[in-house]
Amino acid sequence: MGEYLVADDLTRSYGGAAPAVDGLSFSVRRGELFALLGPNGAGKTTTIRLLTGLLGPSRGTAYVDGMDVRDAEKGPEIRRRIGLLPEAAGLYESLTVHRNLELYGRLFGLSGTDLEGRIRGQLTSLGLTDRADHRAGTLSKGLKQRLAIARALLHEPECVVLDEPITGLDPEAAKSVRDALVALRAQGRTILLSTHHLEDADRLSDRVAVIRGRLLAVDTPAGLKRRLFRRLVAIELSAADATAEQLAAGVAGVNSVHRDGPRLTLDLARGEEEVPEAVERLVRAGYRIRSVAAIEPSLEEAYLRLLEASPRTDSTGAGS
Amino acid sequence: MSAVRWPLVREVLRKDLEEIARSRQLLYPLFVLPVFLTGDALLVFSTSVLSHNNPRLGLGDAFFSFASFLLVLPVILPILLGSAAVVMEKTNHTLESLLSTPLTDTELLVGKSLGPLVPAMALTAASYAVYGVGAELLVRSHAPGASLPWGSFLLTGLLLAPLLGLLATFVAIAVSTKAKDVRSAQQLASLVLLPLLIPLILIGIALGPMPLYQLALAAAVAALALLVLRVTTLRFHRDQILVAGV
């Protein structure tokens, strides 16, 4: 699997302020869904703008399918390869839904029956056919977002970059955007998704990057969780007390034990090898065990732990 | 530098014209100003024609003075539209999407310049045509035999006005790329252009219909327009447009 988007020591400052992003290096592989995570002001939008050639880097560079974004001659070709959904849908609200798509189609060099066919296709797949003649400004936020997605996909780009596509949408609209993402992924498109929705990132993405001005981590969601949390196992007793806690903590390989009511949560160093011994000790001591279950930490927990461990660097500038 | 792809420029122009046509905020002043100025010019000229004891004397100067007065149009109309051209894309959050298309910076600049220039020039030309025809009809009916300085009039309407329109458009676009909102862009463009326009009109009126002066003036305005275009082109980069004024 080749690399489609590459950030190479990507750095961008605005004026004399501290860099909004500093020394980012990661790559998005062809055909994968890659989520960019980070708190507000972490530099996600700036990173997207740099990766898509909308902003020039102050240091380092980015490559789109091998093309250097600093090469102005390659700019139009780079932009042709990418379908961008910016944070704000950015529709021409006085123009109709159809005209918004037609305009962008033409700017991407489409015309005639080909353009008309693609517009019809997008309107159908995103459920906008009956709104084709409505002004974009009259649409609900969810429908506007769908139209913006249709616009980003109209020229059938190899790579789709979406900046916070779900933020501010109601559950139904958010689901339609998620469905669109799943469909795009099934088509083998390369997708870069910036999001605050960690559940979506966990469920949909192949890999995630966590940034806060600098790159904090790049991994698969499962890998990131493993890296930040050793194995957690919950042992549910009929009643737990300090003795039970001490017994479990005394097993070699158990880093720590957290007691919450009748439940003991064991943080294990090696995996689940320590569990039988802990269970045996508890049973011998007369405790009744109701259940033993592995705990899968959420990506959100991993993300928050990663941010806690990383000092905040002040960054200011356009976008975030 | 790659060649300008005119179909893409035409799309930007078409889109901008459609937006202007749907914006009351832009459309009303766009038509009200030419109608009022042309009407005023014709009205005052008609009083000159009707009240003159010897209509053959001084009518040419009066005719030319009001033609010079109409030079306000090719400056004000591009300021009105051009100042909004880029900054409105920012305030409406459409700029990022537009910049993500394969348009080059040059194509975007040309398209964005034609957007204000085309309607401004069309309305200016229409105003000059209405004024010229109206004045000629007035003179024929009330001062037959009097001749109007058509050479100077045509130089003003067909050469000086378009050049001033170009200059105003380039200034307005340059300001629009750096401004935070439409109003501040319009104010700044007016601040730059009006001190240039007012003496130009007053000197033109004081000197009367002198084709040589008009040609020299046209050359000066053309040189200034080229200079502003050069500066605007050098500074018109999507990176700077996206970040400026934020």
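What is the right way to read the sheet that holds strand β7 (residues 159-163) of chain A from this model?
Two strands in a sheet stick together by hydrogen bonds in their backbones, pointing the same way (parallel) or opposite ways (antiparallel). Residue and element names in this part refer to chain A. Across the sheet, which stays open at both edges, the six strands sit in the order β6-β7-β8-β3-β9-β10 with mixed pairing between neighbours. The open sheet terminates on both sides in strands that have one partner only, identified here as β6 (82-85) and β10 (214-219). Neighbour-to-neighbour, the strand axes of this sheet turn through a mean angle of 15°, independent of strand direction. Packed on one face of the sheet, helix α5 (residues 141-153) meets β6 and β7 and runs near 165° to β6.

Quick question: what am I supposed to make of the layout of surface pockets here?
The gaps left among the atoms become clear once a water-sized probe is rolled over them. Considering only enclosed or pocket space, the largest pocket measures out at about 640 Å³ in volume. A72 and E73 of chain A together with D105, H237 and R238 of chain B are the residues nearest the centre of the largest pocket, which is lined by 27 residues in total. It is helix α2 (residues 75-81) of chain A that provides the largest number of residues to the lining of the largest pocket, a total of four residues. Of the residues that constitute the lining of the largest pocket, the class distribution is ten nonpolar, ten polar and seven charged.

Help me out: how do you make sense of helix α8 (residues 221-228) of chain A in this one?
Residues that lie three or four places apart on an α-helix share one face, since the helix turns once every 3.6 residues. Of all the residues in α8 of chain A, the buried ones are P221, G223, L224, K225 and L228 of chain A. Turning to α8 of chain A, the residues buried within the fold contact α7 (198-204), β9 (207-212), β10 and α11 (299-309) of chain A.

I tried to follow a nonpolar patch on the surface on my own but got confused; where do I start?
A cluster of nonpolar residues, Y28, V32, V35 and F36 of chain B, forms a patch on the protein surface that exposes about 440 Å² of accessible area. Turning to its location among the elements, F36 of chain B is positioned in helix α2 (residues 24-51).

Please clarify how the pairing of strand β12 (residues 254-260) of chain A should be interpreted in this entry.
Side-chain positions along a regular strand alternate between the two faces of the sheet. In this sheet, strand β13 (residues 263-268) of chain A lies alongside β12 of chain A in antiparallel orientation, the contact comprising six bridges. The partner of V254 of chain A across the bridge, within β13 of chain A, is L268 of chain A.

Just to check I follow, could you spell out unusual backbone geometry for this structure?
Generally, phi is negative for residues other than glycine and the peptide bonds are trans, each holding for most cases. All names here are of chain A. The phi torsion at D9 lies on the positive side, around 55°, for a residue other than glycine. The topology assignment puts D9 in strand β1 (residues 3-12). Unlike most non-glycine residues, D65 shows phi in positive territory, near 50°. When you line up the elements, D65 lands in the loop between β4 (59-64) and β5 (67-68). The class for D65 is partly exposed, based on a relative accessible area of 24%.

Definitions and cut-offs
Residues numbered from 1 in each chain as written. Chains lettered and ligands numbered in written order. Predicted model: local features only at pLDDT ≥ 70, side-chain atom pairs only at ≥ 80, totals over all residues. Heavy atoms only, no water. Pairing = 2+ DSSP bridges. Helix = DSSP H or I, 4+ residues; strand = E, 2+ residues; numbered from the N terminus. Axes fitted to C-alpha atoms, helices over the stretch in contact; angles between N-to-C directions. Contact = heavy atoms within 4.5 Å. 1 Å grid on protein atoms, 1.4 Å probe; cavity = no way out; pocket = protein on both sides within 12 Å on 5 of 7 lines; lining within 4 Å. Points joined across faces, edges and corners; volume = space filled by probe spheres on them. Nonpolar A, V, L, I, M, F, W, Y, C, P; charged D, E, K, R; others polar. Buried < 20%, exposed > 50% of the residue type's maximum accessible area, 1.4 Å probe, protein only. Patch = residues over 30% accessible without salt bridge, like charges linked within 9 Å, V, L, I, M, F, W, Y side chains within 5 Å. Areas by Shrake-Rupley, 256 points an atom, 1.4 Å probe, with all protein chains shown as cover. Salt bridge = Lys/Arg side-chain N within 4 Å of Asp/Glu carboxyl O.

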